[in-house]
Amino acid sequence: MNPRPPQNQRLLPAVERVLNVAEVVELCRRHGRGVVTGWTRAILDDMRNGRAGELPEDASAIIHNVVRGLGEAARRDASARLRRVINGTGVVIHTNLGRAPLAAAAAQAMAEAASCTNLEVDLVSGRRGRRGAAAEALCREITGAEAALVVNNCAAATFLTLQTLAAGREAIISRGQLVEIGGSYRLPDVFAQAGVVLREVGTTNRTRLSDYEAAIGEHTAALLRVHPSNYRITGFSEEAAIAELVELAHAHRLPAIDDVGSGCLYDLTRFGLPDESIVGNSVRTGADLVLFSGDKLLGGPQCGIVVGRAELVEKLRSNPLARAVRVDKLSLAALETTLEIHRAGRAFAEIPVLRQLSLPADEIRNTAERLVARLRAASPPSVTFSVQAVESAPGGGALAGQTLASWGIAVETAHSERVAEQLRLGTPAVMPRLNEGCVLVDLRTVLPEDEEPLLRRLLECQAH
Ligand SMILES: *Cc1c(COP(=O)(O)O)cnc(C)c1O
């Protein structure tokens, strides 16, 4: 049922009248007159139809309400845009927050490449150069592979690889590895789209080398291993090791493809994290192609990287589909710099994802105590901030099931949902975690340069 139209409709202003108010003139300058006209019409419609409740008794009060409504419309519009968010969730590689935050130098390189850049020009000869050549050289150096190709993301790398090497034929994969990575990315669907016959072997929890061996036939084009990424099979389980798969594949003159997913370059067990497939190990073991993401444990921009045997990489490069999934100049600029940081041995100091994963809990606790002391000194006594033990997660389908002891700031409030909303909607936005009526900011994932803005935002939220 429609609400009853309000009494004093005749007091509603004409759109033109609203657009002439000084504040609204400023909104028009910023957003465009057409846009603000649309917002104004919507607000006036709501008032006319009673959706804005009873109207005030005089025309100037109504105009005041319309102008306030326009301010809110502008704020809603801005919060839907991509903007900076302080990650207080404790999830290090948070896919919904854009995965890896870039190293400062990588962000700088990206900003420079935003203008014209030598993307496909060799500045020495002045002639045509190849897109991605420098990043690929760095990938080869870091992983020890013969060749490399950078594409849009790891999903594209998987698709391009399957389509190029196995279309119209079969690829063999363990039933325990037929994963859904998220959204609509499910491996069986990717096979189907690539025109590759999925030959699944073994069972969900156990697949032996002999299962692969029995499935190899005249239609087999490749053996594929996929890292199960965001889940873990534990208990009575068995998987063929990549070394065994490589040996079997090569005995049958087939390529072994290893989708390792997270792009881990280091042994992270010394930080209490579980064993993750390390790209270099896979290459050394003899996997013919190794696929991984740029924005997970590598800590760079969104992209997919394929490293491996030159002959196969060249086949991928010359597939017309490669153009459809090619990487853009901004991502390449950030990737080159990220890879340089890895090569220089500075990854754990400069790449946020690795720095955050390796932060000792004691250090985070010290930060939490320091920040809470400052919050207590600056906030009204009605508000309680405290230091709280929490658990962070690596996220991004890396190191599934593992948590890391961490510390956070707890805001004790009777209105946790509202405080969380205020934190999300301010500038910069803060994405906290809600836990048993408590708003929590896990400090493992807060970048050092975000500490001051975070304090300001936490104090601001308490003001009303
Ligand atoms: C994350 C992941 C992908 C998808 O990577 P994107 O870069 O997000 O496309 C594919 N395979 C594995 C094993 C993964 O972990």
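The paragraphs below set out a description of the structure included in this document. (Residues numbered from 1 in each chain as written. Predicted model: local features only at pLDDT ≥ 70, side-chain atom pairs only at ≥ 80, totals over all residues. Heavy atoms only, no water.)

Taken as a whole, this structure holds 25 salt bridges when the rule is applied. Across the pair E136 and R317 runs a salt bridge whose closest N-O atoms are separated by 3.2 Å. Of this pair, E136 sits in helix α6 (residues 133-143) while R317 sits in helix α12 (residues 310-318), and the two are 181 residues apart along the sequence. Relative accessible area serves as the criterion here: at 2%, E136 is assigned to the buried category. R317 sits in the partly exposed class, given a relative accessible area of 21%. One salt bridge connects R365 with E369, and the closest N-O pair in it is separated by 3.4 Å. Taken as a pair, R365 and E369 lie in helix α17 (residues 361-378) at a separation of four residues, close to a single helical turn. Relative accessible area serves as the criterion here: at 35%, R365 is assigned to the partly exposed category. Sharing partners across several salt bridges, the network here consists of R130, E136, E314 and R317. (Salt bridge = Lys/Arg side-chain N within 4 Å of Asp/Glu carboxyl O. Helix = DSSP H or I, 4+ residues; strand = E, 2+ residues; numbered from the N terminus. Buried < 20%, exposed > 50% of the residue type's maximum accessible area, 1.4 Å probe, protein only.)

Judged by nonpolar contacts, the single largest core of 35 residues is most densely connected at V279, V290, F292, I305, V307 and L335. Beyond its immediate sequence surroundings of up to four residues, L335 is in contact with A135, V150, L298, P301, C303 and I305. Grouped together as the second largest cluster of nonpolar side chains are 32 residues, L149, A156, Y185 and L316 included. (Core = buried A, V, L, I, M, F, W, Y, C linked by side-chain atoms within 4.5 Å. Contact = heavy atoms within 4.5 Å.)

This next bit is on the sheet that holds strand β8 (residues 220-226). With mixed pairing, the seven strands of this open sheet are ordered in space as β3-β11-β10-β9-β8-β4-β7. Strand pairing shows two members of the sheet lacking a second neighbour, β3 (147-151) and β7 (197-201), which therefore form its edges. Ignoring strand direction, the axes of neighbouring strands in this sheet form an average angle of 20 degrees. Examined bridge by bridge, strand β4 (residues 170-174) and β7 share five bridges and lie parallel to one another. Each residue of the ladder has a partner; that of E170, found in β7, is V197. Seen against the sheet, helix α7 (residues 154-166) touches β3, β4, β8, β9 (256-261), β10 (289-293) and β11 (304-308) and runs at an angle of roughly 155 degrees to β10. (Pairing = 2+ DSSP bridges. Axes fitted to C-alpha atoms, helices over the stretch in contact; angles between N-to-C directions.)

Interhelical geometry of helix α2 (residues 22-31) versus helix α4 (residues 59-79) gives an angle of 25 degrees and a closest axis separation of 10 Å. With respect to α4, the axis of α2 lies roughly parallel. For the element pair α2 and α4, the recorded crossing hand is left-handed. Mapping the contact onto sequence places E23, V24, L27 and H31 in α2 and V67, L70, G71, A74 and D77 in α4. By residue class, the composition of the contact of α2 with α4 is five nonpolar, two polar and two charged. (Parallel < 35°, antiparallel > 145°, perpendicular 65-115°, else oblique. Left-handed = near helix turned anticlockwise from the far one by under 90°. Nonpolar A, V, L, I, M, F, W, Y, C, P; charged D, E, K, R; others polar.)

In this section: the environment of R30. Relative to the elements of secondary structure, R30 occurs in helix α2. Separated by 44 residues in the primary sequence, R30 and A74 have C-alpha atoms spaced 9.8 Å apart.

Before going further, it helps to spend a moment on the packing of aromatic side chains. In this structure the tally under the stated criterion is two aromatic pairs. Judged by centre distance (5.3 Å) and plane angle (35 degrees), the rings of F271 and F348 are tilted. Here the residue F271 occupies a position in the loop between β9 and α11 (279-285), and F348 occupies one in helix α15 (residues 347-350), the gap between them amounting to 77 residues. According to the relative accessible area criterion, F271 is partly exposed, its value standing at 25%. An aromatic cluster of three or more residues is present, and its members are Y266, F271 and F348. The residue whose ring lies beneath R270 is F348, and the NZ or CZ to ring-centre distance is 5.2 Å. (Phe/Tyr/Trp six-rings, centres within 6.5 Å; stacked < 30°, edge-to-face > 60°. Lys NZ or Arg CZ within 6 Å of the ring centre and 35° of its normal.)

Residues of α2 that are buried include every one of V24, L27 and C28, and no others. What you see down the axis of α2 is that its buried residues fit within an arc of 100 degrees, all on one side. Set apart from the buried face of α2 by more than 90 degrees, the exposed residues are A22, E23, R29 and R30. Contacts made by the buried residues of α2 are with α1 (15-19), α3 (33-48) and α4. Trailing α2 by a residue or two, G32 shows a phi angle of about 100 degrees, which is positive. (Arc of directions from axis to C-beta.)

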